[in-house]
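Architecture at a glance
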Amino acid sequence: MSDQAPTTLAGPPTGATAPGAPGAGLVAAWEHTARSLVDLGRDCDDDDFVAATDCPGWDVQDHLSHVTGVESSLLGRGEPEHDLPDLAHVRGDFGRRVEVAVDIRRPLPGAEVVAELAEVVEARSRWLRDEAPHPDVPVIGPLGRMPHGDVLRMRTFDVWCHEQDVRRALGRPGGMASPAAAVAVARMRGQLPRVLARGAGLEPGTVVVLHVSGPIAFTEAVRVEAGDDGRPRGVVLDAVPADPDVWVDLGTEAYTRRSAGRWHVARTPAEVTGDADLGARVLAALAFTP
C-alpha cells in the first residue's frame, strides 16, 4: 500500500502558512482531497463501508481509518496500545505499524470512523492554515528530518491515492484533475529517473520515453547512465528524442494506479512502441510505493 508510518511533527510551529504565503497551494491541495474523502465517507451506507478495494485486505472503511490514524498522529495524538493479530495481507514491521490504526477501528461503525476523520481533517486544516511552519522549515517526517513542504507533499499524495481507492470501490469517479492529483503525479514523475535506472534493470545508454495523457499529462524522456558509484542513474533529457529504445503510453489513471502499486502490470492498459521486453520492465518498475 502507498503509505508511510504515522509520525509526529517535531518542534514548535514557526511561522504561519497564511493564504498567499509559500505553501498555501500545497495546503489547499491537501484540504481538497482530505475533504473529498470525508464527503465520500458521509455518502456511504453499511454495504459501501465493507466494499473491497485495490489494496489487499482493506475495505473502504479501512482506508478512512488509515487516513484518520496518520493525520491524527501528525496532530500529536497517539493510538491506544493494540495487540495486532496476524493478518495475511500485512507484511513486515512497516506494514504492522500502518495496520494498527486500521485494525483498532475495524469494530467501529463506519459512520463513527467518518465522524472522527471529519474532526481530524478540520483540526489539521486549522493547524496547516494558522500554525504550520514555512515549507522550508525542517520537521520530523516519515523518512526522518525533512522540510515541512515535503511532508505535506507526501501526505497529499497518500490521501489522494486513498481517495482514488475509495472512489473506485464505490464506483464514484472524480478527483483525477484536482490540485491533489497534480501534486501526486508530480511526486510519481519525480521518481521516474530512479525507478527506471534501478528498478527496471536497464543498461547504460537506454533511453525511455513515458507519455501520460489525460487530465494530468506529461512526457518524460530518461536516459540511463553509469553513475560514479558504479550504480546506474537516470537522467531526464531536455528534449524527447525521435528514436528512443522504448516509448510507453499510459492514461493518467493507469499511470497513477500502477505507480501507486494498486494495479499489476497485466491490469494496466498501456501501449508500448519499440522494444516490448523493455516496455514490460518499465511498467513493472513504475510501482515505487510499499
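As the structure is a computational prediction, the values presented were derived from the model and not from experiment.

Looking only at helices and strands, the protein chain features 10 helices and 7 strands. Over its C-alpha atoms the protein chain spans a radius of gyration of 20 Å, differing by no more than 12% from the 19 Å that the globule rule assigns to 290 residues. Seen through its C-alpha atoms, the protein chain measures out along the principal axes to roughly 55 × 45 × 35 Å. In the protein chain, buried positions account for 49% of the 290 residues. In the protein chain, of all internal contacts separated by at least 6 residues, the share reaching a separation of at least 24 is 69%. As presented, the protein chain carries roughly 12,800 Å² of accessible surface, and 52% of it is formed by carbon and sulfur atoms. If you average the places of the 29 positive and of the 43 negative side-chain charges in the protein chain, the two averages end up 3 Å apart.

Turning next to the sheet that holds strand β5 (residues 232-236). Strand order in the open sheet formed by 5 strands is β5-β4-β3-β6-β7, and the pairing between neighbours is mixed. Here the strands that pair on one side only, and so sit at the sheet edges, are β5 and β7 (270-274). Looking at each pair of strands side by side, their axes are set apart by 20° on average, direction ignored. Here strand β3 (residues 207-213) runs beside strand β6 (residues 246-251); their pairing, made up of 6 bridges, is parallel. The residue of β6 that forms the bridge with Ser213 is Gly251.

Moving on, we come to the packing of helix α3 (residues 60-74) against helix α4 (residues 92-105). Viewed as axis vectors pointing N to C, α3 and α4 meet at an angle of 120°, and their least axial separation amounts to 8 Å. With respect to their mutual orientation, α3 and α4 come out oblique. Taken as a pair, α3 and α4 cross one another with a handedness that is right-handed. Every residue of α4 that contacts α3 at Gln61, Asp62, Ser65, His66, Thr68 and Gly69 is listed here: Val98, Ala101, Val102 and Arg105. For the contact of α3 with α4, the residue count by class is 3 nonpolar, 5 polar and 2 charged.

To continue, consider the nonpolar core. Counting 35 residues, the largest nonpolar core has Trp160, Met188, Leu192, Leu196, Leu210, Leu250 and Tyr255 as the members making the most contacts within it. Of all the secondary structure elements, the ones that give two or more residues to this core are α6 (148-170), α7 (179-190), α8 (192-199), β3, β4 (218-226), β6, α9 (252-259) and α10 (276-285). The element contributing the most residues to this core is α7, with 5 residues. Among residues more than four places away in sequence, those in contact with Leu250 are Leu210, His211, Val212, Ser213, Tyr255, Thr268, Pro269, Ala270, Leu283 and Leu286. Grouped together as the second largest cluster of nonpolar side chains are 27 residues, Leu26, Val114, Val121 and Val183 included.

To continue, consider the packing of α3 against helix α5 (residues 110-130). Taken N-terminus to C-terminus, the directions of α3 and α5 make an angle of 35°; their axes are 9 Å apart at the nearest point. Remark: the crossing between α3 and α5 carries left-handed chirality. Where α3 abuts α5, its residues Gln61, Leu64, Ser65, Val67, Thr68, Glu71, Ser72 and Leu74 lie against Gly110, Val113, Val114, Glu116, Leu117, Val120 and Arg124.

Here the focus is the environment of Arg35. Along the chain, the position of Arg35 falls in helix α1 (residues 24-42). Sequence spacing of Arg35 and Val121 is 86 residues, and the spatial spacing of their C-alpha atoms is 7.2 Å. Those residues within four positions of Arg35 in sequence are excluded, and the remaining contacts are Val121, Glu122, Ser125 and Arg129.

What counts and how
Starting from 1, residues in each chain are numbered consecutively following that chain's sequence as written. In view of the model being predicted, local features appear only for residues whose pLDDT reaches at least 70, and side-chain atom pairs are presented and counted only at 80 or more, with totals across whole chains, interfaces and linings using the full set of residues. Calculation of side-chain values draws on the structure's entire complement of heavy atoms; hydrogens and water are dropped beforehand. Counting from the N terminus, the helices are DSSP H or I runs at least four residues long and the strands are E runs at least two residues long. For this measure, only C-alpha atoms enter the radius of gyration; the expected value for a globule follows 2.2 Å times N^0.38, where N is the number of residues. Per-residue accessibility, obtained with a 1.4 Å probe over protein chains only, is compared with the maximum for each type, and a residue is labelled buried under 20%, exposed over 50%, and partly exposed between these values. In this analysis, two residues are considered to be in contact whenever any of their non-hydrogen atoms come within 4.5 Å of each other. Residue-level accessible areas treat just the shown protein chains as cover; the underlying method is Shrake-Rupley with a 1.4 Å probe. In this tally, Asp and Glu contribute negative charge and Lys and Arg positive charge; neither His nor the terminal groups of the chain are included. Note on charges: their place is set at NZ of Lys, CZ of Arg, CG of Asp or CD of Glu. DSSP-based pairing: two strands are paired if at least 2 bridges between them are found. Orientation is described by axes fitted as lines to C-alpha atoms, over the contacting stretch for helices, and by angles from 0 to 180 degrees between their N-to-C directions. Every angle not falling under 35 degrees, over 145, or within 65 to 115 is termed oblique; those three ranges are roughly parallel, roughly antiparallel and roughly perpendicular. Here is the rule for handedness: rotate from the far helix to the near one, and if that takes an anticlockwise turn smaller than a right angle the crossing is left-handed, while a clockwise turn gives right-handed. In the scheme used here, Gly and all other residues not listed as nonpolar or charged are polar, with Ala, Val, Leu, Ile, Met, Phe, Trp, Tyr, Cys and Pro taken as nonpolar and Asp, Glu, Lys and Arg as charged. Working definition of a nonpolar core: buried Ala, Val, Leu, Ile, Met, Phe, Trp, Tyr and Cys residues. They are joined through side-chain atoms within 4.5 Å.

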